[in-house]
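Each chain, written out:
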Amino acid sequence: PTRRSSDLHLDSGDMFQGAPVFNLFNGETEMRAMGLLGVQGMALGNHEFDKGATLLGLQLMNNGPSFPIMAANYEWANPDDPLQAKLRRFITDMSVYNVKGVKIGVIGLGNVSSLNSSVEGDNSLGLRARDAKQAVSDLVRVLRPQVDLMILLSHAGPDEDQVVAAEV
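Quick summary incoming for the structure in this document. Here the structure is a predicted model, which means the values were calculated and not measured.

1. Considering the overall build of the protein
Per the secondary structure count, the protein includes five helices and 10 strands. Buried positions account for 43% of the 168 residues belonging to the protein. Across the protein, contacts joining residues at least 24 apart in sequence account for 77% of those joining residues at least 6 apart.

2. With respect to the packing of helix α2 (residues 28-36) against helix α3 (residues 53-63)
Between α2 and α3, whose axes approach to 10 Å, the crossing angle comes to 45 degrees. Looking at the two axes, α2 sits oblique to α3. Seen from above, α2 lies across α3 with right-handed handedness. In this structure, α2 contributes E28, M31 and R32 to the contact, and α3 contributes Q59, L60 and N63. Partitioned by chemical class, the residues of the contact of α2 with α3 number two nonpolar, two polar and two charged.

3. Comments concerning the pairing of strand β7 (residues 94-99)
Among the six residues in β7, five count as buried, and that is most of the element. In terms of strand pairing, β7 meets strand β8 (residues 102-109) through six bridges, oriented antiparallel. Following the sheet pairing, S95 is matched in β8 by V106. Once β7 ends, the chain turns through two residues before running back antiparallel as β8, passing K100 with a positive phi of about 55 degrees.

4. Quick notes on the sheet that holds β7
Read from one edge to the other, the open sheet built from four strands follows the order β1-β7-β8-β10, with strand pairing classed as mixed. With partners counted over all chains shown, the strands left at the sheet margins are β1 (2-5) and β10 (149-154), one partner each. Across the sheet, the mean angle from the axis of one strand to that of its neighbour is 30 degrees, orientation sign disregarded. Pairing between β8 and β10: six bridges, direction parallel. Its bridge partner being in β10, I107 is matched across the sheet by L152. Of the strands in this sheet, β7, β8 and β10 are in contact with helix α4 (residues 132-143), which crosses β8 at around 160 degrees.

5. A few points about the pattern of salt bridges
Pairing between side chains of opposite charge can happen when their charged atoms approach one another. Taken as a whole and assessed by the stated rule, the structure comprises four salt bridges. Between K133 and E167 there is a salt bridge whose closest N-O contact spans 3.0 Å. With a gap of 34 residues between them, K133 in helix α4 and E167 in helix α5 (residues 158-167) connect regions that are remote in the sequence. By relative accessible area, E167 is classed as exposed at 53%. In this structure, D138 and R141 form a salt bridge, with 2.7 Å as the shortest nitrogen-oxygen distance. Taken as a pair, D138 and R141 lie in helix α4 at a separation of three residues, close to a single helical turn. Given a relative accessible area of 23%, D138 falls into the partly exposed group.

What counts and what doesn't
- Sequence order as written defines the numbering, with residues in each chain counted from 1.
- Given that the model is predicted, a residue must reach a pLDDT of at least 70 before its local features are reported, and side-chain atom pairs must reach 80 or more before they are shown or counted; all residues, however, enter totals for whole chains, interfaces and linings.
- As a rule here, side-chain values come from all non-hydrogen atoms in the structure, and water together with hydrogens is ignored.
- Put simply, DSSP marks the helices as runs of H or I at least four residues long and the strands as runs of E at least two long, and each gets a number from the N terminus on.
- For each residue, the accessible area found with a 1.4 Å probe, counting protein chains only, is set against the maximum for its type, and the residue is called buried under 20%, exposed over 50%, and partly exposed in between.
- In what follows, residue pairs with any heavy atoms lying within 4.5 Å of each other are defined as contacts.
- Angles shown run from 0 to 180 degrees and are taken between the N-to-C directions of axes, each axis being a line fitted to C-alpha atoms and, for helices, limited to the stretch in contact.
- The scheme is simple: roughly parallel for angles under 35 degrees, roughly antiparallel for over 145, roughly perpendicular for 65 to 115, oblique for anything else.
- Crossing handedness follows the turn of the near helix against the far one: under a right angle anticlockwise gives a left-handed crossing, and clockwise gives a right-handed one.
- Three classes are used, and their members are as follows: Ala, Val, Leu, Ile, Met, Phe, Trp, Tyr, Cys and Pro are nonpolar, Asp, Glu, Lys and Arg are charged, and the others, Gly among them, are polar.
- Strands are labelled as partners when DSSP assigns at least two bridges between them.
- Every case where a carboxyl oxygen of Asp or Glu lies within 4 Å of a side-chain nitrogen of Lys or Arg is listed as a salt bridge.

Printed below as a string of C-alpha cells:
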C-alpha cells in the first residue's frame, strides 16, 4: 500500500540501545516515542535485538509502531513454527510513499555484521543474512517502474552501502 503524506520522516535504526530507559521499559518507550515523533519508516537496526528476537517481537506485537520497519536482506524463519520468533509478520522489505504527488519507494537494509548468529543456519534470532546487493537488486527491478524516486534506507554500514550503491 502507498502511504500519503506531505513530508517523509525516515529513521535508519537502533531505536533500542542500552540506555537506562530501554533497560527499564524494554523498548516500549522508544517505540511509542518514534510514533509520536512522526517517523514513517525505519530500517531495522542491530540494537533492536539487544534483548533478543523474542522481546523485539513482543514489543512489535504489543506496542507496534504506526510505521513499517524494513530489512530486505533478512530471510526470516517460518512464523507458523511455534519455536521461532514471529518477526516476519512485523518486518517488511520495502514501502512506498506518496509525498506531495511524488511516489517514493524505500528499501530497507539491516546490519548483519554485528548479529553473530545471523550467519548460522538455525539461530536464536530466527533470521539468516541475505546478500544485500541481490536483495536490493531484486526489489529495484520490481519497484523502479512504479515509483518516481527510490531510497535505500540502510543500517548495513558505510562499506556495504557503498558497494550496493555502486553495483545496484
